[in-house]
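A structural walkthrough
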Amino acid sequence: FCNKCKISLPVRLHDLEFIRNDFSIGRYEFHLSYNEVDQGLNDIKILPNEQYSIHLPDYISPNHLIDPFNESSIGKRSRFILNSILKFAKKIQEITGKICPIIGSFSVLNSSKSIFYEKISNLCLEEEKNDMILLPQWLPPIAWYFGGSVPLSVFNSSKDIDFLEKFNIKICFDSSHFLMSCNAGLANANKDFDRLMYLTHHIHISGAEGLDGEGTSFKSKNSINHSILKDCLNNKNIKVIETWQGHLNNFSGFHQSIYDLISIKK
């Protein structure tokens, strides 16, 4: 099932071997912290027959979110993090011969939306010229940042899709974030899902409840949840399971999520 549907699992550097041995599905997404980037992404066992993606750290320090367009030291630090991970992704691509997408949550708006999305587009196009794929992630209406809830104003509404289409920005679709956007009235499940799928080159898949109930299981009886999750499974792109705390108790949450997805696929 995982091979047929191109299911992938999120891994931290310390649990890659455990997940690899437990699941052996050959697709993994590194979820990195800025500390791990600072320590150097060395001595990581990359196998040529596997396929990888990388999630940029949300934070560049204890007090700041990643923001490559900032003109202060925050921007410099963000670009250092991004460039370090680009080098790591390039190394992975050389070993595997497969594209290693880099997923980023670019949530800080320091300008007009038009300028912001134009900068995002230029950044992605610049990396595309270097045979690298950088994909901004669809975001929730409210993010859990710095131990609290922070309202976001980009990558989470129908109006944002207008900009994505205008600048032809390819994205990582996140089913949980999209469902929360719909619950908040920022997006319309019927009208906006297909628009986003046209721009989607990678998927994060999990359920959602309310405005900030992120990464819930796939057992929701909500018909819209079920329909979107099923459509995601039928999509040709890789789907990374992002069930909250799925790695706990010997990855029991990830095991259960796979069985739940099998039921949805039927």
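As shown above, the structure is provided for reference.
The structure presented is a predicted model; accordingly, all values stated were derived computationally and were not measured.

**What about the packing of aromatic side chains?**
Here the structure, examined in full by the defined rule, presents 15 aromatic pairs. With centroids separated by 6.2 Å and ring planes inclined at 65 degrees, the aromatic side chains of phenylalanine 23 and phenylalanine 251 adopt a geometry described as edge-to-face. One end of the pair, phenylalanine 23, is in helix α2 (residues 16-23); the other, phenylalanine 251, is in helix α10 (residues 248-265), and 228 residues separate them in sequence. Both residues of the pair, phenylalanine 23 and phenylalanine 251, count as buried. Consider the rings of phenylalanine 30 and phenylalanine 88, whose centres lie 5.5 Å apart with planes at 55 degrees: the pair is tilted. Placement of the pair is phenylalanine 30 in strand β2 (residues 27-31) and phenylalanine 88 in helix α4 (residues 73-96), with a sequence separation of 58 residues. The class for phenylalanine 88 is buried, based on a relative accessible area of 4%.

**A closer look at the pattern of salt bridges**
Applying the stated criterion across every chain yields a total of 9 salt bridges. For arginine 12, the salt bridge goes to glutamate 36, with nearest N and O atoms at 3.7 Å. With a gap of 24 residues between them, arginine 12 in the loop between β1 (7-11) and α2 and glutamate 36 in helix α3 (residues 34-39) connect regions that are remote in the sequence. Of the residues examined, glutamate 36 reaches a relative accessible area of 11% and is grouped as buried. When the shortest N-O distance is used, the salt bridge between arginine 77 and aspartate 38 registers 2.8 Å.

**A few points about helix α9 (residues 223-234)**
With 12 residues, α9 extends 17 Å from end C-alpha to end C-alpha; this agrees with the ideal 16 Å at 1.5 Å per step. For α9, the complete set of buried residues consists of Asn225, Ile228, Leu229, Cys232 and Leu233. Mapping the buried residues of α9 onto a view down its axis gives an arc of 140 degrees, with all of them on the same face.

**Things to note about the state of the cysteines**
Cysteine pairs can be covalently joined through their sulfur atoms, and such a bond is termed a disulfide. Inspection of every chain in the model, using the stated rule, returns 0 disulfides. For the unlinked cysteine cysteine 5, the closest cysteine sulfur is that of cysteine 2, found at 8.0 Å. Look at cysteine 5 and you get buried, because its relative accessible area is 3%. Note on cysteine 182: no disulfide assigned, nearest cysteine sulfur contributed by cysteine 232 at a separation of 11 Å. Judged by its relative accessible area of 18%, cysteine 182 is buried.

**Things to note about the nonpolar core**
With 78 residues, the main nonpolar core has Phe30 and Phe178 as its most contacted residues. Ranked by residues supplied to this core, first place goes to α4 with 8 residues.

**Regarding the pairing of β2**
With 5 of 5 residues buried, β2 is to be regarded as a mostly interior element. Of the two faces of β2, the one holding Arg27, Glu29 and His31 and the one holding Tyr28 and Phe30 are both buried throughout. Bridge count for β1 against β2 is 3 bridges, and the pairing is parallel. Paired with proline 10 across the two strands is glutamate 29, which belongs to β2. As a crossover connection, the stretch from β1 through α2 into β2 is right-handed. Where β2 and strand β3 (residues 51-55) come together, 5 bridges link them in parallel fashion. Bridging across to β3, histidine 31 finds its partner in histidine 55. In terms of handedness, the path from β2 via α3 over to β3 forms a crossover that is right-handed.

**Overview of the sheet that holds strand β7 (residues 134-136)**
Backbone-to-backbone hydrogen bonds pair the strands of a sheet. The strands run either parallel or antiparallel. What the 8 strands build is an open sheet, ordered β7-β6-β3-β2-β1-β14-β11-β10; its pairing is parallel. Taken across any chain shown, the strands that pair with only one partner, and hence form the sheet edges, are β7 and β10 (171-174). For this sheet, the mean inter-axis angle between neighbouring strands, taken without regard to orientation, is 30 degrees. Judged from the 3 bridges that link them, strand β11 (residues 200-205) and strand β14 (residues 239-241) form a sheet pairing that is parallel. Each bridged residue has a counterpart across the sheet, and for histidine 204 the counterpart in β14 is valine 240.

What counts and what doesn't
- Throughout this description, residue numbers start from 1 for each chain and increase along the sequence as written.
- At least 70 in pLDDT is required for a residue's local features to be given in this predicted model, at least 80 for side-chain atom pairs to be given and counted, and no such filter applies to totals for whole chains, interfaces and linings, which use all residues.
- Here the side-chain values reflect all heavy atoms present in the structure, with hydrogen atoms and water set aside.
- Any Phe, Tyr or Trp ring, taking Trp's six-membered ring, that has another such ring centre within 6.5 Å forms a pair; planes under 30 degrees apart are called stacked, those over 60 apart edge-to-face, and the others tilted.
- Here a strand is any run of E in DSSP of at least two residues, a helix any run of H or I of at least four, and the numbering for each starts at the N terminus.
- Burial classes follow relative accessibility: with a 1.4 Å probe on protein chains only, a residue under 20% of its type's maximum area counts as buried, one over 50% as exposed, and anything between as partly exposed.
- Any carboxyl oxygen of Asp or Glu within 4 Å of a side-chain nitrogen of Lys or Arg constitutes a salt bridge here.
- By this rule the span expected of a helix is its residue count minus one, scaled by 1.5 Å.
- For this quantity, the arc is that covered by the directions from the helix axis to the C-beta atoms.
- Cysteine sulfur atoms that come within 2.5 Å of each other are treated as a disulfide pair.
- By nonpolar core we mean a set of buried residues, namely Ala, Val, Leu, Ile, Met, Phe, Trp, Tyr and Cys, connected to one another through side-chain atoms within 4.5 Å.
- A strand pair is defined by DSSP finding two or more bridges across the two strands.
- With the strands pointing away from the viewer, any crossover whose connection runs clockwise from the first strand over the helix to the second is right-handed.
- The axes are straight lines fitted to the C-alpha atoms, using for helices just the contacting stretch, and the angles between their N-to-C directions are given from 0 to 180°.

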